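Each chain, letter by letter, is given below.
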Amino acid sequence: MRIRQILFLAVAWCICSYSAAAAELELFAPGKILPVVMATDAFPNTVQAGQDLITYLEKISGQRPQLLTGANAELPAAAIWIGAHPALPRVFPGVDLSFQYPEETRIYCDGKNLLIIGKDVLRGQGKTALQRESGTANAIYTFIQDDLGVRWLWPGELGTDCPRLERLSIAPMDKRYHPQILTR
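Scope of this entry: the structure provided in the associated data block. From a predicted model like this one, the values you see are computed outputs, not experimental measurements.

### Re the overall build of the chain
Inference 1: What the chain contains, in helices and strands, is four helices and 13 strands.
Inference 2: Expressed as a percentage of its 184 residues, the buried residues of the chain come to 39%.
Inference 3: Carbon and sulfur atoms provide 57% of the accessible area of the chain, an area that totals close to 11200 Å².

Here's what the structure looks like:
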């Protein structure tokens, strides 16, 4: 009787661990890397942070991800989505994409796609336009540091510690953060 219980628990554990591993999103593997999707009209700090994300993904994996822009582009089966995009409600149905706090960030993975987004605010128009809040850029740099493992020890290339990985998978997650201090 005791052996049956142990066998049952062992089989249950194997099934659970297999299903948990199967739900992970593979960002890159040899010969494969997910594309990065960004809106055509993304804010300036989001564009810069998105380019940095692409650069670090290339340094880590040895492969350059494709950057997809535009609202009418065909939706990829799996991708890294950064910033606000018109297709987000279709890609992430039922996910609340609103932000209540200044510079709030969110990193969300459902096992099929990865979303890196934050509260962005642009004030003014034309040449006087200035980005007041850069939540998406903050979320991208948080992801680069926490999930990709990049460390910035001091300014410049020599002060950047960038790991080389053959493959990287991200488990389903929902990380929200907002600064406790409103003005810095």
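What follows continues from the structure just given.
### A few points about the sheet that holds strand β3 (residues 36-38)
Inference 1: Read across the open sheet, the six strands follow the order β4-β3-β5-β7-β6-β13; overall the sheet is mixed. Of all strands in the sheet, those with a lone pairing partner are β4 (67-69) and β13 (173-177), marking the two edges. This sheet shows a mean twist of 15° between the axes of neighbouring strands, independent of strand direction.
Inference 2: Judged from the five bridges that link them, strand β6 (residues 105-109) and β13 form a sheet pairing that is antiparallel. Of the residues in β13, the one forming a bridge with Arg106 is Arg176.
Inference 3: Against the sheet, helix α4 (residues 135-146) touches β5 (80-82), β6 and β7 (114-118), its axis set at about 135° to β7.

### A word on helix α2 (residues 44-61)
Inference 1: Taking 1.5 Å of rise per residue, the 18 residues of α2 would be expected to cover 26 Å, and the 26 Å separating its terminal C-alpha atoms lies within 8% of that figure.
Inference 2: Among the residues making up α2, those that are buried are Thr46, Ala49, Gly50, Leu53, Ile54, Tyr56, Leu57, Ile60 and Ser61.

### With respect to the pattern of salt bridges
Inference 1: In total, this model carries seven salt bridges according to the counting rule given.
Inference 2: The partner of Arg167 in a salt bridge is Glu26, with the nearest N and O atoms 3.0 Å apart. Pair noted here: Arg167 is in the loop between β11 (160-161) and β12 (168-170) and Glu26 is in strand β1 (residues 25-29), with a separation of 141 residues, a long-range link.
Inference 3: The partly exposed category is assigned to Arg167, whose relative accessible area is 47%.
Inference 4: We classify Glu26 as partly exposed; its relative accessible area is 24%.
Inference 5: For the salt bridge of Lys59 with Glu157, the shortest nitrogen-to-oxygen distance reads 3.1 Å. Residue Lys59 is located in helix α2, and its partner Glu157 is located in the loop between β10 (151-152) and β11; the two are separated by 98 residues in the primary sequence.
Inference 6: In the salt-bridge network here, residues are joined through shared partners; they are Glu26, Lys32 and Arg167.

### Focus: the pairing of β6
Inference 1: Of all five residues in β6, five are buried, a share of seventy percent or more.
Inference 2: Of the two faces of β6, both are covered, the one formed by Thr105, Ile107 and Cys109 as well as the one formed by Arg106 and Tyr108.
Inference 3: By the bridge criterion, five bridges tie β6 to β7 in an arrangement that is antiparallel. Residue pairing across strands places Cys109 opposite Leu114, the latter belonging to β7.
Inference 4: If you look at the hairpin formed by β6 and β7, you'll find four residues sitting between the two strands, and Gly111 has a positive phi there, around 90°.

About the cut-offs
- Residues numbered from 1 in each chain as written.
- Predicted model: local features only at pLDDT ≥ 70, side-chain atom pairs only at ≥ 80, totals over all residues.
- Heavy atoms only, no water.
- Helix = DSSP H or I, 4+ residues; strand = E, 2+ residues; numbered from the N terminus.
- Buried < 20%, exposed > 50% of the residue type's maximum accessible area, 1.4 Å probe, protein only.
- Areas by Shrake-Rupley, 256 points an atom, 1.4 Å probe, with all protein chains shown as cover.
- Pairing = 2+ DSSP bridges.
- Axes fitted to C-alpha atoms, helices over the stretch in contact; angles between N-to-C directions.
- Contact = heavy atoms within 4.5 Å.
- Expected span 1.5 Å × (residues − 1).
- Salt bridge = Lys/Arg side-chain N within 4 Å of Asp/Glu carboxyl O.

These figures come from the coordinates and say nothing about function on their own.
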